Amino acid sequence: MIKNAQRRYSSWSNQTIGSSGSALLRLALPLVLLAAFFGAPLVEAVWNSIDGLKLDLSRYATIFTDPIYLDVLVRTFRVSAVTMLFCIVLGYPMAFLLTTLSRRSRALLVVAIIVPLFTAFLIRTYGWMIILGRAGVLNKLLLAMGIIDTPLRILGTSTAVYIGLIHVLLPLAIFTMYASMARIDRSLTIAAQVLGANPVRAFTRVYLPMTMPGVISAAMLVFIISIGFYITPVLLGGPADTMIAQLIVTQVTTLLDFPAGYALSIVLVIATIAVIALSNLFVPIEQMWALQESRTGTKRATKVRTLLRPLSYMLSRFENGAYLLLGRPDWLIPLCIKIFAAGIVLFLLAPIAIVYFISFSSSPYLIFPPPGYSLQLYAAFLGDAAWRDALFMSLQLAGLAATLAVALGALASFALVRTPFPGKRAVFLFLVSPLLVPVVVTALLFFVSMSDTGLLGTYPGLVLGHVILAIPYAIIVLVGAVRGLDRNIEFASATLGANAYTTFRKVVLPILTPALGVAWLLAFLHSFDELLVTLFLLGRLPQTLPIKIWSDIRIQIDPVISAASSTIVTAIIIVVVLSQIRGFFPIRRSAALSTAAGEAA
Amino acid sequence: MSVSVELRELSRSYGGNVHALRGINLSVKPGEFVTLLGPSGSGKSTILKLVAGIDHPTAGEILMDGQSVIKVPAHHRSIGMVFQNYALFPHMSVGQNIEFPLRVRDLPEENIRKRVQQAIETTRLSGLEHRLPRELSGGQQQRVALARAIVFDPKVLLMDEPLGALDRHLREELKIEIKRIHQSLKITILFVTHDQDEALLLSDRVVVMRDGGIEQVAPPRELYTRPRNRFVAGFVGEANVLSCTIEPDGLYLGKLRLPGPPRESVSGRISVMIRPELIKVNEAAVPGSIEARLREQFFLGETTRLIAEAGETVISVKGPSNSLPFLVAGQSIHLSWQPDDLVILSD
């Protein structure tokens, strides 16, 4: 009898998607791809870095003793820590401001932050090169205003690297913190004030602790992306600003010392895992992408607060002082935040605006201010077969990769949400791990495994690389969407007479369409902007747009790049503005969006 | 066209240990309105899911018009269901939601239009056809869910706490509307609720459930006046449950002899129940009354509630305010009732 029922049970469960036992098959393809081109070569890299059974740890010893390596290592962590600090300090008021705005002003501010977020790192960095150069916009302005007499040297220094990194990662930090702040009940701070806390104290004792999970997530994301960053330090920094990613690329591509490159990569991966593990103690990693309800007030956090109690008296004095200084007049703090926000928006949009400005220059050289205005750079961009081919190559590659990634990611998401199986969290983390591991490591792993399988330098190999990188974006967006799918709606459809296929086509698919669109767009943008993996896998294939821009920037700062960039940014702006108008991106999902867009260095 | 529904030894367990339903037997007549009443977790919603075919029993049979439907998938059962959160399709307009069951059956356009129009009139939704569900109030969404569930002339209508999410005023209004629709369509309805007022007002029969089992099945009046056990007595209406002992000469609450002879010849401990509103308050002793001390009294407008202590036992009394004598807390009163109103509970 029971056996009978069990059989019936499985035949019943086929009526809704993702609940059947065969759902595990839906996970199989992405898992196999990831294992073959990411997991296996990672193990191989560890193996080779110690010469296998010889357990030769000398390469690691070198990294931690050789002053050259050590220098780069320490610098990488210092730069990442400073960048993280700036992103949090600058981003927190912005995220807070977003929660206080009306729907319309928020949409406007979101556009101003999302546009830079979705603009390729390469383009943004190019904008900074124009601004910070010796004869750049900033120097020209300062000279004209008489503030300085001789041009400042900014490009090629660590200042430029910091500016570039903070610019790249600030939107990500803002959205990650906003996602957690938006869930906080504002009446709690009001309750604190009713209970006798002054506004400053209500903020430090009630609001701030509740936003800590968001702050920790943002700090972790910024840090792990920083330590693996490639483009910005290479283009904006000098030889003294080398970071680990550059060192790995040099070891592998110039010195062809693969074991050394492996060892460096492993160090980078271990550092990343350590940071993730540390932040995971306080905030579960899924929560970063708003995939899990936030649990403020964990036991650990309570423990930390208990330990800090002796400081409480000093804190109280500080709070009272701050309130006296800032509290009156009561328009002061809001005004400061608004001025600050205007400054941040200016900072975020400056390089993009400059790229636009330059693109209308009539000069074939990069001169600021332009001697005249014309569309000749656009004509050069669209008239040049090399640029055109690169554009089509990129569109085709990104379209194909995004479509495959979304298809695989959607199947995997149904299995991840709806099928109970042991080790689900581990499978999820493995599937999104290309998002967490520095891209330079991923690129190296792809390079090794693709050359082993003869896929290196082939179009399928390149597509495969882009698909594996894009699957995490699809999964993060779609797991959230599938989780939000009300099971009763499918049940209702069944009771109303629709079979499983009709239910999927007429009910589930239309409801998921916005999320599928977002996932596809993110995957597309990521693939369209991708530089490092493409550099490793391209071989003799035709250049993609980022590769073309990259190689041109390194030879000379060709102003045609600005026309190419402006074209791309215009497309992004149109999509972002349309999406804001149509409510295509629910803002709650921004954390997922921003993480997704934030990783392409 | 309404049909009978019969559940035989219906069980549903999860993972062998959690028993949502334990051997349910229930027979619903064609056109009958049966309410499943019980606290959350009692298994009432599980029964609906099993009948609808969106969940499957671990054992037992479901018969509709005498035919087993166990192997029939949900989309072939022709059962209308109104979900607790309505489960309206968010991407479809009101009209599209309502016509969905007809479209998936590929009915002719003319027929679809006529039936949708009829369902919209029955549920008084005219003029809202082009709105999206999120543009409707809770009460309107509920009507759409109802219209969608009845538009294809289902054999049985299942309703899972359909009024739970609505405010009190709307609930009253929709209760009456559901009753009206039941009477005009003459459809078999299985209705789930944890609200006893809904159950008493709407049903032909009420099934009281607890822990996956049935405690009592009875028409509303019988359920109220003759609850079978302590649980039903407490769940439906308000009850004074008194632990008594049976002696040869009558029923004793402690040392007090209660009005009303024991109906059973067993002796020993027994639980009896008397409704608060059936207790009469006397200032002086009358034959068969028991003495009690008035602890508190609460004026509630139309009625007044008294809390009295008879020995160790607290007894609640409710009566029309204008017929109660003037009383002072702490004074001695005498409680009496019709012997027939005392109900002996099975546990």
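First things first, this report covers the structure right here in the doc. All figures in this text were calculated on a predicted structure; none of them were measured in a lab.

1. What about the overall build of chain B?
- Helix and strand content of chain B: nine helices and 20 strands.
- Taken over the C-alpha atoms alone, chain B extends approximately 75 × 45 × 35 Å along its principal axes.
- Across the 347 residues of chain B, 53% fall into the buried class.
- Of the contacts formed within chain B by residues at least 6 apart in sequence, a portion of 67% connects residues at least 24 apart.
- Put simply, chain B shows about 15700 Å² of open surface, and 50% of that area lies on carbon and sulfur atoms.

2. Points about the interface of chain A and chain B
- Taken residue by residue, the interface counts 24 residues in chain A and 32 residues in chain B.
- Taking both sides of the interface into account, the surface hidden between chain A and chain B amounts to around 2400 Å²; carbon and sulfur atoms contribute 67%.
- One can count zero salt bridges joining chain A with chain B.
- The interface formed by chain A and chain B includes five residue pairs in polar contact (both at pLDDT 80 or more).
- Ranked by residues supplied to the side of chain A that touches chain B, first place goes to helix α22 (residues 487–495) of chain A with seven residues.
- Partitioned by chemical class, the residues of the side of chain A that touches chain B number 14 nonpolar, seven polar and three charged.

3. Structural notes on the packing of aromatic side chains
- Counting across every chain of the model gives 16 aromatic pairs over all chains.
- Aromatic side chains F121(A) and F229(A) sit 5.2 Å apart centroid to centroid with 75° between the ring planes, which places their arrangement in the edge-to-face category. In this pair, F121(A) is assigned in helix α6 (residues 121–132) and F229(A) in the loop between α10 (199–227) and α11 (231–236), connecting sequence segments 108 residues apart. F229(A) shares its class with F121(A); the two are buried.
- Judged by centre distance (5.7 Å) and plane angle (70°), the rings of F381(A) and W387(A) are edge-to-face.
- Judged by relative accessible area, F381(A) falls into the buried class, the value being 2%.
- By relative accessible area, which is 2% here, W387(A) ends up buried.
- Taken together, F258(A), Y262(A), F447(A) and F536(A) form an aromatic cluster joined through their ring pairs.
- The ring of F89(B) has R148(B) sitting right over it, with the charged end atom 4.7 Å from the ring centre.

4. Brief notes about the nonpolar core
- Formed by 189 residues in total, the largest nonpolar core has its most connected members in L416(A) and I475(A).
- Ignoring any residue separated from it by four or fewer positions in sequence, one finds I475(A) in contact with G409(A), A412(A), S413(A), L416(A), F428(A), L431(A) and V432(A).
- Grouped together as the second largest cluster of nonpolar side chains are 75 residues, F491(A), L36(B), F83(B) and F191(B) included.

5. Details of helix α18 (residues 385–418) of chain A
- Between its terminal C-alpha atoms α18(A) stretches 49 Å, which fits the 50 Å expected from 34 residues at 1.5 Å a residue.
- In this structure D384(A) caps α18(A), since a side-chain oxygen of it lies 2.8 Å from the backbone nitrogen of A386(A).

About the criteria used
Residues numbered from 1 in each chain as written. Chains lettered and ligands numbered in written order. Predicted model: local features only at pLDDT ≥ 70, side-chain atom pairs only at ≥ 80, totals over all residues. Heavy atoms only, no water. Helix = DSSP H or I, 4+ residues; strand = E, 2+ residues; numbered from the N terminus. Buried < 20%, exposed > 50% of the residue type's maximum accessible area, 1.4 Å probe, protein only. Contact = heavy atoms within 4.5 Å. Areas by Shrake-Rupley, 256 points an atom, 1.4 Å probe, with all protein chains shown as cover. Buried area = accessible area lost by both parts, 1.4 Å probe. Salt bridge = Lys/Arg side-chain N within 4 Å of Asp/Glu carboxyl O. Polar contact = N/O pair within 3.5 Å; in protein donor to acceptor, adjacent residues only side chain to side chain. Nonpolar A, V, L, I, M, F, W, Y, C, P; charged D, E, K, R; others polar. Phe/Tyr/Trp six-rings, centres within 6.5 Å; stacked < 30°, edge-to-face > 60°. Lys NZ or Arg CZ within 6 Å of the ring centre and 35° of its normal. Core = buried A, V, L, I, M, F, W, Y, C linked by side-chain atoms within 4.5 Å. Expected span 1.5 Å × (residues − 1).

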